[in-house]
Amino acid sequence: MAREDIHVGLEIGTSKVCAVVAECREDGEVRLLGVGESPSRGVRKGEIIDFENASNCVREALSDAEERSDVEIRDVWLSVTGSHIESFNNRGSVTIPEDCGEITEEEMQEVELKAKEISLPKENIILHSIIQHYYVDGQQGVLNPLGMLGGRLEADFHIIHGVRTRIQNAIRCVKECDIEVLDVVVNSLASAQVVLDKHEKDAGALVVDIGGGVTDYIVYLDGAVRHSGVLAVGGDHITNDISIGLRIPITRAEKLKVEEGSAILGKSLPGEKIVLKNDTGFSGKEVEREMLNLIIHSRLKELFEHVRKGFAGEVPEHLLGAGIMLTGGCSLIRGIREVAESVFDMPVQLTHAHDVSGPTSAFENPRFSTCIGVAKYAQAVRSEMPQESFFGKIFRKITGKR
Amino acid sequence: MITFPKYLDRTVQPVVRLVGLGNAGVNLADRITMGAPLPLQVVAVNSDQQSLSSSVAPAKVSLGPLTTRGLGAGGDPEIGFDAAKESAVEIEDALSGADIVFLCAGLGGGTASGAAGMVADLAKESGALLIAVVTSPFAFEGRRRSAQAATALREIQARADAVIHFENDRMAELAAPRAGVAETFSACDALLGGCVASLVRLVAAPGPLAVGLPDLLAVLRSPTGTCLFGTGASKGDNRAHEALEAALKSPLLDSGALLDQAGNLLVHISGPPGLSFAEVGVIMQEIERQASTSTLLHLGVATSADPSSPVVVTLLGKTGAECHPSAAPVDVIFSARPARAVPPPPSAPAPEAAPLQEELVPTVEVPVARQPLPEPVLQRAHKAAAKTAPEKIKQETLQFEPVTRGRFEKIEPTIVGGEDLDVPTFLRLNKRG
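Residues numbered from 1 in each chain as written. Chains lettered and ligands numbered in written order. Predicted model: local features only at pLDDT ≥ 70, side-chain atom pairs only at ≥ 80, totals over all residues. Heavy atoms only, no water.

A. View of helix α7 (residues 250-259) of chain A. All names here are of chain A. All of the buried residues in α7 are R252, A253, L256 and K257. On an axial view of α7, the arc spanned by its buried residues comes to 140 degrees, and they lie on one face. For α7, exposure combined with an orientation more than 90 degrees from the buried face picks out T251 and V258. Of the surrounding secondary structure, the elements contacted by the buried residues of α7 are α6 (235-246), β15 (273-276), β16 (285-288) and α8 (289-312). (Buried < 20%, exposed > 50% of the residue type's maximum accessible area, 1.4 Å probe, protein only. Helix = DSSP H or I, 4+ residues; strand = E, 2+ residues; numbered from the N terminus. Arc of directions from axis to C-beta. Contact = heavy atoms within 4.5 Å.)

Given below as structure tokens:
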């Protein structure tokens, strides 16, 4: 049955397309067999703008992953993101028929359907509906009401929805390579699977996954998703800012950001200059280090402020007991933690995928958090499917298959 | 045994006295008295009793109470001179005991123009080093005043060890064109005050790399040429850079453009004890880049004991090199903008320390009319002017930048809360380095 337990997570990111082949054991351990990667072309802000190029990148990444893991990939779980993805919390309620009074599977499905009965824009589709809490006859905080007695069942769901066609485009991009897409997962949800453990989800935590084109964030409290969101600002924006601010080409700006960039102000010597060496097609130049840092600092500070504004109405910050986790490729920028701490005023840590084994270089790299998270999510869904537990119910409306 | 003047002895703190002569001088004296405490004694000297009595200077000398009856010279240098003659004893008393005298005056009026020469004479007789800080009147004040100012300036130049001469016309550029009259005058006064304060600091402050009087005199030795002066202070994170930037912003430096015409340039950097060597290096590098290769730089560094004191960068110099025998007549011909007509010679000889007074101040006055120049010299000079002129045109940086989104130009914008997040944050916040 080894074949059944292998899941492939695929992420079509703005800076890279990566595929993770993971073996998922019964006990929940995820072992990475191989990670395939290809620099991304034709993707901006997490969404495909050049179908053919993006499709080629997917093919490259998948064949790279096949080579490294020695597994033939036939189907993948795909992570999606983009500014069109939105979320909200909604409550559904059903009345239990008087004659039995016991809450059954049927009622629980019905309450979920009720919660999803909301007016979405016509072109939108629900990607996830994640249970937060059940209420049985007004009794709060029921985790699993199956088998309980009651007259009225209510439930709070966190619903994540997005534009159908845009998600379908991502799926079609993979299907171009004759690979089946089993399901799609929203980036933030996937990242949280490997970045947070159960205790952290209970204590309350914010995961901010800053990628190349977008920033995905998700708030857990009392073990349930309380808020999630996507902000179409990422590392690309920093590069773009540097390019405009220092008047250097994009490629040089990217290199400068990675090699020299820092988000901490006031640490450089006054008037300290960075000498950019001649490059192909670029004559050398001197840039001021403080200016570079100021550009990065301003962008990150603003980004975190928007994230904070995004969830501040839903969840009081002081309830996030486990603090804030930063992940994603952009979290590698020097000084990002200090900026985040100054904005959120609470402990911030840089994290990567936990509870996975395999090549350390892969899972300890925050760039792969989402992709590994997709594989883990797949495992969680698969393992819990037979018992139909409250977490991890996924909806196959998008693919319309299986 | 050769005895040196007392002001050359660095073991004792020199007694510095500032004499504000005439209305403008009294104003400046007031400003300096009320400003940050400096190791100097301020004396206000005027023939106008009204201005004297409203002055806050600790010491006051009333000029010619019998000649003017305390009503001032009324713009007539003759009356000013008579008044000074009448009060010569009082002036001498006020000057006695000083090692260094700063004579501050606004030339062109009656009191300052008439009495300046006299006061300068008395100061020299008392054995002090005399540094004159004078302004010439605005062009619109009339030619008569300009002529009076020019005569007085020559008198001072003949006597003073160093003359720092500001043209009011150029100082007015300090203030915005629409600024009020009071604002403009106060900006001019502030610049003068800053100049005197930094000179005092420069002479009096001990430091690891002290600039002495010899350096100062060497820089100010050239009798012609425009005075270059700029000072800037900053306490910020990027203080070295900001202080230099502020110093270069001075209109007397033409935003740093005139630096490359300076024959001698004195750079004085003072700061808190934490002033780092790297910061000094940064400042000097920047100046080095803007100055011409032939400019002789005099660097002075001083640190104060107070950790909260800002980094102050002071630039002082004169356009053109030292008075060159062959270049002198041309200098006189193009006295309007001599420095632009005569590029500095490739190698300005390093001035010796403690120069003799005869060398310092040229006493020869060459009236233009009496010494006509041969035609070729004039033509050459014109050519030189024409040649150097195009270099002066500097490409201005465009202030207004259109909103730019760079690589996100053609794709769906990220608009959050009405703000286009694709536009660089620092541009939206208008943070420029």
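B. Local environment of the sheet that holds strand β3 (residues 30-39) of chain A. Residues and elements named next belong to chain A. The strand order across the open sheet formed by six strands is β11-β6-β1-β2-β3-β19, and the pairing between neighbours is mixed. In this open sheet, the two strands that pair with only one neighbour each are β11 (180-186) and β19 (356-357). Strand contacts of helix α3 (residues 164-175): β1 (6-12), β6 (75-80) and β11, with the helix running at about 150 degrees to β6, the strand carrying the most contacts. Each of β1, β6 and β11 is contacted by helix α4 (residues 187-195), which is oriented at about 85 degrees to β11, the strand it contacts most. (Pairing = 2+ DSSP bridges. Axes fitted to C-alpha atoms, helices over the stretch in contact; angles between N-to-C directions.)

C. Representation of the sheet that holds strand β10 (residues 311-319) of chain B in the model. All names here are of chain B. Read across the open sheet, the four strands follow the order β7-β10-β8-β9; overall the sheet is mixed. Bordering the open sheet on either side are β7 (227-234) and β9 (296-303), each of which pairs with just one other strand. Each adjacent strand pair in this sheet contributes to an overall mean axis angle of 10 degrees, direction not counted. Lying over the sheet, helix α11 (residues 239-248) contacts β7 and β10, oriented at roughly 145 degrees with respect to β7.

D. Summary view of the environment of V207(A). Residue and element names in this part refer to chain A. Mapped onto the elements of the fold, V207 is located in strand β12 (residues 205-210). Judged by relative accessible area, which is 1%, V207 ranks as buried. Residues V207 and T351 lie 144 residues apart in sequence; the distance between their C-alpha atoms is 9.3 Å. With near-sequence residues (within four places) excluded, V207 lies in contact with A192, V195, L196, D216, Y217, I218, M325 and T327.

E. Here's a closer look at the interface of chain A and chain B. In this assembly, 30 residues from chain A lie in contact with 32 residues from chain B. A buried area of about 2600 Å², summed over both sides, lies between chain A and chain B, and 56% of it is on carbon and sulfur atoms. At the junction of chain A and chain B, the tally comes to two salt bridges. At the boundary of chain A and chain B, one finds nine residue pairs in polar contact (both at pLDDT 80 or more). Broken down by secondary-structure element, the contributors of at least two residues to the side of chain A that touches chain B are α6, β16 and α8 of chain A. Broken down by element, the residue count for the side of chain A that touches chain B peaks at seven residues, all from α8(A). Split into classes, the residues belonging to the side of chain A that touches chain B amount to 11 nonpolar, seven polar and 12 charged. (Buried area = accessible area lost by both parts, 1.4 Å probe. Salt bridge = Lys/Arg side-chain N within 4 Å of Asp/Glu carboxyl O. Polar contact = N/O pair within 3.5 Å; in protein donor to acceptor, adjacent residues only side chain to side chain. Nonpolar A, V, L, I, M, F, W, Y, C, P; charged D, E, K, R; others polar.)

Nothing here speaks to function; it is geometry throughout.
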